[in-house]
Structure formats: structure tokens, C-alpha cells
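Here are the chains, one letter per residue:
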Amino acid sequence: MSVVIRLARAGTKKRPVYHVVVADSRFPRDGRFIERLGHFNPLLPKDNTERLKLDMDKLKAWLAKGAQPSDRVMRFLDAAGVKKREKRNNPEKAVPRKERKAQAEAAAKS
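All values reported here derive from a predicted model rather than from experimental measurement.

Chemist: Where do I start with the overall build of the protein in this structure?
Modeler: When helices and strands are tallied, the protein shows three helices and five strands. Listing every helix and strand of the protein by position from the N terminus yields β-β-β-β-α-β-α-α. For 110 residues, the compact-globule estimate of 2.2 N^0.38 gives 13 Å, and the protein exceeds it by more than 25% at 18 Å. By its C-alpha atoms, the protein is 55 × 35 × 30 Å across when sized along the principal axes. Counting the 110 residues in the protein, one finds 25% classified as buried.

Here you go:
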């Protein structure tokens, strides 16, 4: 059973609030979870302390047990200084799609 720390959406239409939960990776995003670790409200300003609340003791305990954080949760942990996030590098994303397609076809011909 692989355990992940991820966001589960709550709130109403066009007013999202996310719960930071520990769940089995096979369960749906908003479905069953093991434990709730905090909440995230993206509608609040970035400098507001109520925007993100996490129970760091529980979070560190789950990380020690082997739970894998999602990319967004990993960003929160990196900002809090709990775990270092590796920088991603996708140089092809900067190239427009038509040019990438043309380069792929040219590579296939040669």
C-alpha cells in the first residue's frame, strides 16, 4: 500500500478550500483518507498566516513512515524548510508545440 500526502478539495463551487490529507494512493482525490494534517485556502492573500495550516509533528511522522508528498504539498514543505524539493527541468516545454513536432519529424527522417 503506497501512502501519499496530498490535497483533497472541499468548499463550494468557485470557492475552493483544500484539506491536506494522508491517503492510500488508490483512493479517489476527495474520497477516503487516513488522517487530516491541515488545510490550504488559495483565496486568501499569500502573506496571510491562515492561508496554510499544517500539523508539522504529524506530517514529519508520516514522512518518517514513508508517505510520499504530492508536488503541491512538496512545495509547501520546501517553503516551510521541512523537506527539499528538487528543481524540475523540462527544456522542451519552452519550445512551441509546432516547432517540437517539426523537430521530432526531422529526427525521425534522419
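Chemist: Before we go on, may I ask you to explain the nonpolar core in this structure?
Modeler: Taken as a class, soluble globular proteins show a tendency for nonpolar side chains to be buried jointly. One finds Ile-5, Leu-37 and Trp-62 to be the most contacted residues of the largest nonpolar core, which totals 16 residues. Looking at this core, the elements with two or more residues in it are β1 (3-12), β2 (15-24), β3 (35-40), α1 (56-65) and α2 (71-80). Among the elements that line this core, the one with the most residues is α2, at four residues. The contact partners of Trp-62, leaving out residues within four places of it in the chain, are Val-3, Ile-5, Val-22, Ile-34, Glu-35, Leu-37 and Ala-67.

Chemist: Explain the sheet that holds β3 to me, please; I cannot follow it from the model alone.
Modeler: Strand pairing in a sheet is mediated by backbone hydrogen bonds. Such pairs are either parallel or antiparallel. Sheet architecture is open: five strands sit in the order β4-β3-β2-β1-β5, paired in mixed fashion. Of all strands in the sheet, those with a lone pairing partner are β4 (52-54) and β5 (68-69), marking the two edges. Bridge count for β2 against β3 is five bridges, and the pairing is antiparallel. Note on β3: the bridge partner recorded for Val-20 is Gly-38. Relative to the sheet, α1 contacts β1, β2, β3, β4 and β5, its axis offset from that of β3 by approximately 125°. Each of β1, β2, β3, β4 and β5 is contacted by α2, which is oriented at about 100° to β1, the strand it contacts most.

Chemist: Hey, could you run me through α2 in this one?
Modeler: Along an α-helix, residues three or four positions apart point the same way, because every turn accommodates 3.6 residues. For α2, every residue scored as buried is listed here: Val-73, Met-74, Phe-76 and Leu-77. Looking down the long axis of α2, one finds its buried residues gathered within 155° of arc, a one-sided arrangement. Contacts made by the buried residues of α2 are with β1, β2, β3, β4, α1 and β5. Just beyond α2, the residue with positive phi is Gly-81, at close to 85°.

Chemist: Just to check I follow, could you spell out the environment of Lys-83 for this structure?
Modeler: Mapped onto the fold, Lys-83 is located in the loop between α2 and α3 (97-109). Between the alpha carbons of Lys-83 and Leu-63 there is a distance of 9.4 Å; along the sequence they are 20 residues apart. Those residues in contact with Lys-83 that lie beyond four places of it in its chain are Leu-63, Pro-69, Met-74, Leu-77 and Asp-78.

Cut-offs used in this document
- Residues numbered from 1 in each chain as written.
- Predicted model: local features only at pLDDT ≥ 70, side-chain atom pairs only at ≥ 80, totals over all residues.
- Heavy atoms only, no water.
- Helix = DSSP H or I, 4+ residues; strand = E, 2+ residues; numbered from the N terminus.
- Rg over C-alpha atoms; globule rule 2.2 N^0.38 Å.
- Buried < 20%, exposed > 50% of the residue type's maximum accessible area, 1.4 Å probe, protein only.
- Core = buried A, V, L, I, M, F, W, Y, C linked by side-chain atoms within 4.5 Å.
- Contact = heavy atoms within 4.5 Å.
- Pairing = 2+ DSSP bridges.
- Axes fitted to C-alpha atoms, helices over the stretch in contact; angles between N-to-C directions.
- Arc of directions from axis to C-beta.

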